[in-house]
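# An overview of the molecular structure
The chain contents come next:
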Amino acid sequence: MASAAKRLEAVSGTAAPQISFDAVTLQLGGKTIIENLSLGVRPGEFLCIVGASGCGKTTALRLAAGLYQPTGGKVNFDGQPMREPRREIAIVFQDYGKALLPWRTAAGNVSLALEAGGTPSAERPARIEELLRTVGLPGHAGKYPSEMSGGMQQRLQIARCLAQEPKTLLMDEPFGALDAMTRQGLQDEVLSLVAASGATVIFVTHDLDEAIYLGDRVIGLLPHPGRIGIELKVNLPRPRDQLSTREHPEFLRLRRQLFDFIKATEQ
Amino acid sequence: MNRAVIIWRVASFLVAAGFIALWQLIANLKLVSPVFLPGPDRAWGALVRGFSSGDLWSKLAGTLEHMAYGWLAASIAGIAIGAIIGSSRTMRTYVAPSLEFLRPLPVSAIIPVAIAMLGLTQAMALFVIAFGAIWPIMLATIHGFAAVEPRLYEVARSLQMSRLAVIFKIALPSASPDILAGMRLSLTVALILSVVCEILAGLDGLGHWVLLSARAFRSADLFAGVILLGLTGYVTSVAMSLAEHRLLAWQAAQR
C-alpha cells in the first residue's frame with residue numbers, strides 16, 4: 001500500500017524529485033550530445049524516454065546512472081550530486097548477452113549483486129531462489145546464460161538488478177531485441193515488479209506504444225543535440241492491460257500525438 | 001561415447017602399433033646399425049631396467065621438477081604481468097614495442113647470458129625455463145584482459161565492486177580461456193627447455209641421461225629416455241586438457 005501511495009504522489013507531482021537533471025549538457029569528442037536538459041523524476045514515477053535514433057536517449061540514461069559525468073549542469077540523486085554509479089541505481093542493459101557473466105550460472109549471476117551488496121553467504125541461496133522466482137525463472141538456477149533464451153536472459157538480468165534493491169531502475173531498451181510476444185509478457189512483469197517494489201523507473205525505448213503503455217509520463221527527445229521536444233502525461237488507469245489499455249481512447253490519442261512528433265523530428 | 005569415436009580411437013591405436021612394428025622390422029633387418037638403433041624390444045628392456053634400478057625414476061623426477069618449477073614461475077609471473085599490462089590501454093601502448101622485441105628472441109640465445117650470470121646451476125635452469133615459458137602465458141593474458149567485455153565493467157561500476165573483486169570476479173574468469181591456452185603452450189616450452197638446460201649444464205634429469213647414453217653408445221638407454229620424454233609431454237598435455245575442460249565447463253555450454 002505504501003508503494004501505491006507513493007505512486008499517487010509521483011503522478012500527482014507533489015514529491016521532491018529523486019533524480020533531477022539541471023540544465024545538463026554533455027559533450028563527447030567535441031560533439032554536443034545533450035544540451036541544456038532539465039528534468040525531474042519523482043520517487044515511484046515511471047518515466048519513458050523516446051526519440052529518433054541518435055537523439056541521446058541512451059546517453060541521458062547513462063548520465064542518470066552516473067556512467068557519464070555532465071560537462072555542464074548537474075545531475076542529482078536524492079538531492080546529492082551524482083559523481084559515480086551507485087548500488088541504489090540499477091541498470092538493465094539492452095544487450096543482456098554482454099551484461100551477464102557467461103561463466104556463472106543464473107544463480108551465480110544474481111549472486112554477483114548480492115556479493116557486491118555484502119549479503120552474507122548464508123543468506124544468498126534463499127534470496128537468489130526468491131529473486132529467480134520473482135522474475136519467472138524458478139528451476140533455472142543451475143543454467144548458464146548461454147543455455148537460456150533471450151527472454152530468459154533478460155529476466156535474469158532484471159533479477160540481478162532487483163538483487164541490488166534499487167531505488168531507481170534504469171532500463172535501456174531492455175526488450176528491443178526480443179520478439180513481440182516475449183516483449184508483451186515482460187512489459188507486464190516489469191509493471192507488476194515495479195508496482196511491488198515502488199522503484200522509480202526511467203525506461204528508454206524506441207517503441208512508442210511501449211512507452212505509453214508503461215509510463216506515467218513520456219518524454220520525446222529532439223536530436224542534434226538532444227533536448228526535450230515533447231512531454232506527455234499518461235493518464236491511463238493501472239493496472240494496465242495489453243488489450244483494453246491499448247484500445248483506450250486516451251492511449252490512441254497519445255499514440256497519435258507521439259507519432260506526429262517523431263515524424264516531425266525525422267524531417 | 002558413440003561408434004564413430006570408438007572407431008577413430010581403434011584406428012589411431014592401430015597406426016601407433018603399425019609404427020612400432022615397422023620400427024621393430026627395421027631394427028631386425030639391421031637396416032640401421034644396432035649400435036644406433038635398438039628395436040622397441042631392447043628399448044622396452046632398457047626402460048624396465050632403468051626403472052627397476054631406480055636410475056630412471058630419479059632422472060624423470062629431476063626433469064619433472066625443472067619443468068614444473070619453471071612453468072609455475074612462468075605462470076604466476078606471466079599472469080600477473082599480463083594482467084597489469086592487459087588491463088591498461090596506456091600500459092599496452094608503452095610496453096608493447098619492448099615485448100615485440102623480446103618475444104621473438106630465441107631463448108637459446110639467452111642461455112649463455114644466464115650461464116654467465118648464474119653459472120651452471122638450478123637457478124640458471126629455472127630462469128631460462130621460466131623466461132622461455134612466460135611468453136605464451138603473458139601474451140595470452142594480455143589479450144584476455146584487453147578483451148574483457150566493457151559492458152561487464154559497467155555492471156561492476158553500477159554494483160560498486162572493489163578493484164580486487166573486479167579483477168577476480170570479472171577480468172580473470174573472462175580471460176581464463178586465453179590464459180589456460182597460453183599455459184598449455186608453455187608446458188611444451190618448459191619441457192623442451194628443461195631438457196636443453198640439463199644437457200648444457202649437466203643437471204640431473206632425462207636430458208642429461210639421454211646425453212650420457214648417447215655418448216656411451218647405449219642406444220637402448222638413449223631411446224628409453226627419449227620415449228619417457230615423449231610420454232612426459234603427452235601426459236602433461238592430457239592433464240592440462242582435462243583441467244581446461246573442467247575449468248571451462250561453462251564454455252562447453254556456450255557451444
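Residues numbered from 1 in each chain as written. Chains lettered and ligands numbered in written order. Predicted model: local features only at pLDDT ≥ 70, side-chain atom pairs only at ≥ 80, totals over all residues. Heavy atoms only, no water.

Chain B is annotated in an unreviewed UniProt entry as ABC transporter permease from Bradyrhizobium archetypum. The Sequence similarities (unreviewed entry) field of the UniProt record for chain B holds the comment "Belongs to the binding-protein-dependent transport system permease family." Its UniProt record gives chain B the following Subcellular location (unreviewed entry) comment, quoted word for word: "Cell membrane". (UniProt positions renumbered as here; feature names shortened; annotations may be inferred.)

The name recorded for chain A in an unreviewed UniProt entry is ABC transporter ATP-binding protein, from Bradyrhizobium archetypum. UniProt, in its Sequence similarities (unreviewed entry) section for chain A, records the words "Belongs to the ABC transporter superfamily." As its UniProt record puts it under Function (unreviewed entry), chain A is described as follows: "Involved in beta-(1-->2)glucan export. Transmembrane domains (TMD) form a pore in the inner membrane and the ATP-binding domain (NBD) is responsible for energy generation."

### Structural notes on the overall build of chain B
Looking only at helices and strands, chain B features 11 helices and 0 strands. When the helices and strands of chain B are placed in sequence order, the string is α-α-α-α-α-α-α-α-α-α-α. On the principal axes, the C-alpha backbone points of chain B span a range of 75 × 55 × 30 Å. Buried residues in chain B amount to 40% of all 255 residues. Look at the contacts in chain B between residues 6 or more apart in sequence, and 71% of them connect residues 24 or more apart. Carbon and sulfur atoms make up 72% of the accessible area of chain B, which totals about 14000 Å². Computing the positive centroid from 18 side-chain charges and the negative centroid from 11, chain B places the two 6 Å apart. (Helix = DSSP H or I, 4+ residues; strand = E, 2+ residues; numbered from the N terminus. Buried < 20%, exposed > 50% of the residue type's maximum accessible area, 1.4 Å probe, protein only. Contact = heavy atoms within 4.5 Å. Areas by Shrake-Rupley, 256 points an atom, 1.4 Å probe, with all protein chains shown as cover. Lys, Arg positive; Asp, Glu negative; His and termini not counted. Charge placed at Lys NZ, Arg CZ, Asp CG, Glu CD.)

### Things to note about the layout of surface pockets
To find leftover empty space, one rolls a probe the size of a water molecule over the atoms. Residue and element names in this part refer to chain B. Of the volumes computed, that of the largest pocket is approximately 300 Å³. What lines the largest pocket is simply Ala83, Ile84, Ser87, Ser88, Phe145, Tyr153, Met161, Ser162, Arg163, Val166, Ile167 and Ala171. Of all the secondary structure elements, the ones that give two or more residues to the lining of the largest pocket are helix H3 (55-86) and helix H8 (163-201). With 4 residues, H8 is the largest single contributor of residues to the lining of the largest pocket. Class assignment of the residues belonging to the lining of the largest pocket gives a composition of 8 nonpolar, 3 polar and 1 charged. (1 Å grid on protein atoms, 1.4 Å probe; cavity = no way out; pocket = protein on both sides within 12 Å on 5 of 7 lines; lining within 4 Å. Points joined across faces, edges and corners; volume = space filled by probe spheres on them. Nonpolar A, V, L, I, M, F, W, Y, C, P; charged D, E, K, R; others polar.)

### Examining the pattern of salt bridges
On inspection of all chains with the given rule, the structure shows 24 salt bridges over all chains. Close ionic contact of Lys169 of chain B with Glu115 of chain A constitutes a salt bridge, the shortest N to O distance being 2.9 Å. Highlighted residues: Lys169 of chain B in helix H8 and Glu115 of chain A in helix H4 (residues 106-116), drawn from two different chains. Put simply, Asp221 of chain B and Arg218 of chain B hold a salt bridge, and the shortest N to O gap is 2.6 Å. The exposure class assigned to Asp221 of chain B is buried, which follows from its relative accessible area of 10%. Relative accessible area serves as the criterion here: at 37%, Arg218 of chain B is assigned to the partly exposed category. Each member of the salt-bridge network shares a partner with another, and the members are Arg42, Glu45, Arg217 and Glu231 of chain A. (Salt bridge = Lys/Arg side-chain N within 4 Å of Asp/Glu carboxyl O.)

### Things to note about the interface of chain A and chain B
Between chain A and chain B, the contact holds 27 residues from the first and 17 residues from the second. Joining chain A to chain B, the criterion identifies 3 salt bridges. When the shortest N-O distance is used, the salt bridge between Glu154 of chain B and Arg62 of chain A registers 2.5 Å. Linking chain A with chain B are 6 residue pairs in polar contact (both at pLDDT 80 or more). Mapped onto the side of chain A that touches chain B, the elements with two or more residues apiece are strand E6 (89-92), helix H3 (96-99) and H4 of chain A. Ranked by the residues each element gives to the side of chain A that touches chain B, the list is headed by H4 of chain A, at 4 residues. Taken together, the residues that form the side of chain A that touches chain B break down as 14 nonpolar, 3 polar and 10 charged. (Polar contact = N/O pair within 3.5 Å; in protein donor to acceptor, adjacent residues only side chain to side chain.)

### A word on the side chain of Arg217 of chain A
Residue and element names in this part refer to chain A. Residue position: Arg217 is located in strand E9 (residues 217-222). Engagement of the side chain of Arg217 in a polar contact is seen with the side chain of Glu45, the distance being 2.6 Å. Among the polar contacts made by the side chain of Arg217, one reaches the side chain of Glu231 at a distance of 2.6 Å. Setting aside chain neighbours within four positions, we find Arg217 in contact with Leu39, Gly40, Val41, Glu45, Phe46, Leu47, Cys48, Glu231, Leu232 and Val234.

### Notes on the pairing of strand E3 (residues 46-51) of chain A
Residue and element names in this part refer to chain A. When you tally the buried positions in E3, you get 6 out of 6 residues, the bulk of the element. The side-chain alternation of E3 yields two buried faces, one formed by Phe46, Cys48 and Val50 and the other by Leu47, Ile49 and Gly51. The sheet contact formed by E3 and strand E8 (residues 200-204) spans 4 bridges and is parallel. The residue of E8 that forms the bridge with Cys48 is Phe203. (Pairing = 2+ DSSP bridges.)

### A short note on the sheet that holds strand E10 (residues 227-233) of chain A
Adjacent strands of a sheet form backbone hydrogen bonds with each other and so pair up, either parallel or antiparallel. All names here are of chain A. Taken together, the 6 strands give an open sheet; going across it, the order is E6-E7-E8-E3-E9-E10, and neighbouring strands pair in mixed fashion. With one partner strand each, in any of the chains shown, E6 and E10 form the two edges of the open sheet. Neighbour-to-neighbour, the strand axes of this sheet turn through a mean angle of 20 degrees, independent of strand direction. Against the sheet, helix H6 (residues 150-163) touches E6 and strand E7 (168-172), its axis set at about 175 degrees to E6. (Axes fitted to C-alpha atoms, helices over the stretch in contact; angles between N-to-C directions.)

### Side note on the UniProt feature "domain: ABC transporter" (unreviewed entry) in chain A
Mapped onto the present numbering, the UniProt feature "domain: ABC transporter" (unreviewed entry) falls at residues 19-248 of chain A. Helix makes up 34% of residues 19-248 of chain A and strand 27%, whereas the separation of the span's terminal C-alpha atoms amounts to 30 Å.

### Re the sheet that holds strand E2 (residues 31-41) of chain A
Residues and elements named next belong to chain A. With respect to topology, 4 strands assemble into an open sheet ordered E2-E1-E4-E5, the strand pairing being antiparallel. With partners counted over all chains shown, the strands left at the sheet margins are E2 and strand E5 (80-81), one partner each. Pairing of strand E1 (residues 19-28) with E2 involves 7 bridges; the strand directions are antiparallel. Residue pairing across strands places Val24 opposite Leu37, the latter belonging to E2. Those strands touched by helix H2 (residues 57-65) are E1, E2 and strand E4 (72-77), and its axis lies near 120 degrees from that of E1.

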